[in-house]
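# Structural features, examined
Next come the chains, spelled out residue by residue.
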Amino acid sequence: MYYGLDRQTEIWIQDLEEKLTYKLEAECRRLGSMMPYVPENGAYYDMGVRELSTWTNGFFAGMMWQMYHATEKECFKESAEQIEERLDEALTEFVKLDHDVGFIWLHTAVANWRLTGNQASRKRGLHAAGILAGRYNPAGHFIRAWNGDRQGIAIVDCLMNLPLLYWAAEENGTSAWKQIAIEHSNMALKYILRPDSSCNHMIDIEPETGEYRSNPGGQGYESGSSWSRGQAWAISGMALAYRYTGNENYLDAAKRTAHYFMAYAQHAVYWNFRNM
């Protein structure tokens, strides 16, 4: 029953749900424990084999948990659990992991814990949160993006990983992890979001002094451009920060970036709202 909707709309939604369930159940049985990325020659390849630490490797399992929550069909649960277990090797090796551990373990281990109370999944989520917190730079008040020689780089994408720290702080009472998430969000308000409510993708901070240095183009066209996916990260990331903190500054930022997105969407050129 969908309260407040007319019968025609209810029928349309029910039909959509049935089609969605049929499609994803077929994908679940076809892919099993695979971590699909993009298709090659009409079929998905397993990114878990090519690179287990890739940031998208938790997405399919997250979809499976959503479907299990909606339908209680065991095939969705089994697929998600198998993917989560495969990801244990990435946690054990850990050296290839970066700021995107939230994307991986929020949708796998944390989802599992929330739905089933699996203690092993809770431990995986807390382990991943510890890795994310370990990337915090206290001089610049940011979580470092990526690995290698880019120690001063912070990116808008990381806002989407911060809920892992908020969740973990609530789970084990580690208030420092919540504070790291807050400080990274405040840094983003200062340096990533621009006065016109567009966003930088990347900023470069001197890692030892915390001094702002520049805003490289990153995945935008060039420095000063407005990368469309980054704008979406900012909208959702700031809304999530508000959800966990109640800080109105984050809600205001989410609204402003959303207004920019809507105003400039018709002018998007491939991946950019604005080329500078």
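For the structure itself, consult the block above.
Residues numbered from 1 in each chain as written. Predicted model: local features only at pLDDT ≥ 70, side-chain atom pairs only at ≥ 80, totals over all residues. Heavy atoms only, no water.

Right, let's talk about the overall build of the chain for a bit. For the chain, the count of helices and strands is eleven helices and nine strands. Taking 2.2 N^0.38 as the reference for a compact globule, 276 residues should give roughly 19 Å; the C-alpha atoms of the chain span a radius of gyration of 20 Å, in line with that estimate. Summarising its shape, the C-alpha atoms of the chain cover approximately 50 × 45 × 45 Å along the three principal directions. Burial analysis of the chain (276 residues in total) assigns 50% to the buried set. In the chain, of all internal contacts separated by at least 6 residues, the share reaching a separation of at least 24 is 63%. Carbon and sulfur atoms make up 52% of the accessible area of the chain, which amounts to about 14100 Å² in all. When the 26 positive and 34 negative side-chain charges of the chain are each reduced to one mean point, those points stand 1 Å apart. (Helix = DSSP H or I, 4+ residues; strand = E, 2+ residues; numbered from the N terminus. Rg over C-alpha atoms; globule rule 2.2 N^0.38 Å. Buried < 20%, exposed > 50% of the residue type's maximum accessible area, 1.4 Å probe, protein only. Contact = heavy atoms within 4.5 Å. Areas by Shrake-Rupley, 256 points an atom, 1.4 Å probe, with all protein chains shown as cover. Lys, Arg positive; Asp, Glu negative; His and termini not counted. Charge placed at Lys NZ, Arg CZ, Asp CG, Glu CD.)

With that settled, the discussion passes to helix H11 (residues 248–264). For the α-helix, the turn length of 3.6 residues means that residues three or four positions removed from each other point alike. With 17 residues, H11 extends 24 Å from end C-alpha to end C-alpha; this agrees with the ideal 24 Å at 1.5 Å per step. Buried within H11 are the following residues: Tyr250, Ala253, Ala254, Thr257, Ala258 and Tyr260. Down the axis of H11, the smallest arc covering the buried residues is 160 degrees, so these residues share one side. Residues of H11 that are exposed and angled more than 90 degrees away from the buried face: His259 and Met262. N-cap assignment for H11: the residue whose side-chain oxygen lies 2.8 Å from the backbone N of Asn249 is Asn247. (Expected span 1.5 Å × (residues − 1). Arc of directions from axis to C-beta. Polar contact = N/O pair within 3.5 Å; in protein donor to acceptor, adjacent residues only side chain to side chain.)

So, about the pairing of strand S1 (residues 36–40). Pairing of S1 with strand S2 (residues 43–46), which is carried by three bridges, proceeds in the antiparallel orientation. When the bridges of S2 are listed, Pro39 appears paired with Tyr44. (Pairing = 2+ DSSP bridges.)

Approximately 480 Å³ is the volume attributed to the largest pocket. Surrounding the largest pocket, 18 residues form its lining, Gln66, Leu106, His107, Ala111 and Arg114 being those nearest its centre. Put simply, the parts of the chain that give the lining of the largest pocket at least two residues each are helix H3 (59–71), helix H6 (101–116) and helix H10 (228–245). The leading source of residues in the lining of the largest pocket is H6, at seven residues. A breakdown of the residues in the lining of the largest pocket according to their chemical character gives eleven nonpolar, five polar and two charged. (1 Å grid on protein atoms, 1.4 Å probe; cavity = no way out; pocket = protein on both sides within 12 Å on 5 of 7 lines; lining within 4 Å. Points joined across faces, edges and corners; volume = space filled by probe spheres on them. Nonpolar A, V, L, I, M, F, W, Y, C, P; charged D, E, K, R; others polar.)

A separate point is the pattern of salt bridges. Within the structure shown, the criterion is met by 16 salt bridges. Residue Arg7 is joined to Glu10 by a salt bridge in which the shortest nitrogen-to-oxygen separation is 3.1 Å. Of this pair, Arg7 and Glu10 both sit in helix H1 (residues 7–31), three residues apart, which is roughly one turn of the helix. Residue classification places Glu10 among the buried residues on the basis of a relative accessible area of 8%. Its salt-bridge partner being Arg86, residue Asp46 comes within 2.9 Å of it at the nearest N-O pair. Taken together, the residues span a long stretch of sequence, with Asp46 in strand S2 and Arg86 in helix H4 (residues 74–86) at a distance of 40 residues. Taking relative accessible area as the criterion, Arg86 reaches 24% and is therefore assigned partly exposed. Each of Lys23, Glu27 and Arg30 takes part in one network of salt bridges that share partners. (Salt bridge = Lys/Arg side-chain N within 4 Å of Asp/Glu carboxyl O.)

So, about empty space enclosed by the protein. With the rule as written, the count across this model stands at one cavity of 30 Å³ or more. Roughly 40 Å³ of volume is contained in the largest cavity. As for the largest cavity, its lining consists of Arg194, Cys199, Asn200, His201, Pro216, Gly217, Gly220, Glu222, Ser223, Gly224, Ser225 and Trp227. Its residues placed into classes, the lining of the largest cavity shows three nonpolar, seven polar and two charged.

With 15 residues, helix H7 (residues 119–133) extends 21 Å between its outermost C-alpha atoms, agreeing within 8% with the 21 Å of an ideal straight helix rising 1.5 Å per residue. Among the residues of H7, the N-terminal cap falls to Asn118, whose side-chain oxygen and the backbone nitrogen of Ala120 are separated by 2.8 Å.

The geometry of two aromatic rings is summed up by the distance between their centres and the angle between their planes. Taken as a whole and judged by the stated rule, the model has twelve aromatic pairs. With 5.6 Å between their ring centres and 85 degrees between their planes, Trp55 and Phe59 make a pair best called edge-to-face. Residue classification places Trp55 among the partly exposed positions, given a relative accessible area of 26%. With 6.2 Å between their ring centres and 75 degrees between their planes, Tyr260 and Phe273 make a pair best called edge-to-face. Here Tyr260, found in helix H11, pairs with Phe273, found in strand S9 (residues 272–274); they are 13 residues apart in sequence, far enough to count as distant. On the basis of relative accessibility, which here comes to 4%, the residue Tyr260 falls in the buried class. An aromatic cluster of at least three residues, connected via ring pairs, comprises Trp55, Phe59, Phe103 and Trp233. A cation over a ring is seen here: Arg50 above Tyr45, with NZ or CZ 3.5 Å from the ring centre. (Phe/Tyr/Trp six-rings, centres within 6.5 Å; stacked < 30°, edge-to-face > 60°. Lys NZ or Arg CZ within 6 Å of the ring centre and 35° of its normal.)

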